[in-house]
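# Survey of secondary and tertiary structure
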Amino acid sequence: MCRLFGLIANGDVDVRFSMLEARNGFKHLARNNPDGWGLGWYDHGKAKIYKEKGSALNSDEFDSKVKEINSNIVIAHVRKASSGCSRQENSHPFEYKNWIFAHNGTVNKDRLLKLLKPPFSNDFTSDPIDSEIYFRLIMQCIQRENDPVKGIIEAVKKVIGDDAGANFVLSDGVSLYGFREGRSLFCLERRADSPFEARSAETNALIESKRCAREKAFVICSEKLTDEDWQEVGEGELIVVDKNLKVTREKII
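Scanning the protein from terminus to terminus reveals 6 helices and 13 strands. When the 253 residues of the protein are sorted by exposure, 54% land in the buried category. Across the protein, the fraction of contacts at a sequence separation of at least 24, relative to all contacts at a separation of at least 6, is 70%. When the accessible surface of the protein is totalled, it reaches about 10800 Å², and 44% of it is carbon and sulfur.

Spatially, 3-2-4-1-10-9-11 is the arrangement adopted by the 7 strands of the open sheet, whose pairing is antiparallel. Only two strands of the sheet have a single neighbouring strand rather than two, namely strand 3 (46-52) and strand 11 (231-232). Here strand 2 (residues 37-43) pairs with strand 4 (residues 71-78) via 5 bridges, running antiparallel. Each bridged residue has a counterpart across the sheet, and for G40 the counterpart in strand 4 is I75. Lying over the sheet, helix 2 (residues 60-68) contacts strand 2 and strand 3, oriented at roughly 15° with respect to strand 2.

With that out of the way, let us pick up the sheet that holds strand 5 (residues 94-96). Here we have 6 strands laid out as an open sheet, ordered 5-6-7-8-12-13, and antiparallel in their pairing. Two strands lie at the open edges of the sheet, namely strand 5 and strand 13 (247-251), each paired on one side alone. Adjacent strand axes in the sheet meet at a mean angle of 15°, parallel and antiparallel pairs treated alike. Examined bridge by bridge, strand 7 (residues 167-171) and strand 8 (residues 176-179) share 4 bridges and lie antiparallel to one another. Looking across to strand 8, one finds that L170 is bridged to Y177. Strands in contact with helix 5 (residues 148-159) are strand 6 (99-104), strand 7, strand 8, strand 12 (237-241) and strand 13; relative to strand 8, the strand with the most contacts, it is inclined by about 25°.

Confidence in the prediction of the protein, expressed as mean pLDDT, is 90, and 89% of residues score 70 or more. Low pLDDT, under 50, characterises residues 195-201; the stretch is placed with 12 contacts to residues that sit more than four places away or in other chains.

The rules behind each value
- Residues numbered from 1 in each chain as written.
- Predicted model: local features only at pLDDT ≥ 70, side-chain atom pairs only at ≥ 80, totals over all residues.
- Heavy atoms only, no water.
- Helix = DSSP H or I, 4+ residues; strand = E, 2+ residues; numbered from the N terminus.
- Buried < 20%, exposed > 50% of the residue type's maximum accessible area, 1.4 Å probe, protein only.
- Contact = heavy atoms within 4.5 Å.
- Areas by Shrake-Rupley, 256 points an atom, 1.4 Å probe, with all protein chains shown as cover.
- Pairing = 2+ DSSP bridges.
- Axes fitted to C-alpha atoms, helices over the stretch in contact; angles between N-to-C directions.
- pLDDT = per-residue confidence, 0-100.

Here it is, written out as structure tokens:
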């Protein structure tokens with residue numbers, strides 16, 4: 001099943017609330033996704049990845065790493081294996097030339113592998129599993145089109161058909177991209193002037209922590225993590241959030 005999370009903000013932020021402290025915090029989604037976890041973020045524009053096999057629920061390192069992260073873009077994933085065994089290398093997210101990617105679903109590994117050409121077909125970091133192959137196909141199409149959105153659309157159209165879920169979050173360290181196909185996906189715009197106090201005890205706690213008092217952020221997640229005003233991403237819809245938090249939503253399939 002897997003669950004994924006992506007956040008882009010107007011400055012470096014602390015993600016402890018979304019990951020650990022909210023009643024339905026992202027860590028709790030590992031309950032049904034015990035085969036690995038990972039965190040991706042950017043440090044002065046450079047991609048950083050940390051991941052492990054096993055459940056985030058049983059990992060003190062998950063909490064420790066979450067508390068260390070202070071970044072304007074964060075991607076997280078908890079894994080239920082459908083391609084490849086439970087091992088660190090098969091956990092998400094994946095990195096390629098400063099891009100970070102996490103996937104929720106299952107795609108046709110053998111068919112997509114045949115579409116890849118060097119260098120994208122070389123030096124996989126996983127078995128390879130279907131998700132990393134999907135990621136490499138997106139990277140190949142982006143390079144060919146010389147445009148992230150056009151490349152994503154080309155890759156997705158090659159994937160759709162015999163897959164069982166092509167949801168993903170993706171970043172190049174500047175923008176955040178999210179796509180829904182075959183699995184649930186939600187998004188949330190969190191503004192500095194949002195009336196948190198009227199919404200829930202959870203969001204009051206968020207204000208009291210003072211970590212988000214001036215934060216503007218856009219969040220994409222497989223499930224609603226709080227009682228805030230989450231919106232469902234449409235089936236076949238691509239969301240692009242740029243460095244200024246301008247949001248573009250487009251149905252691409």
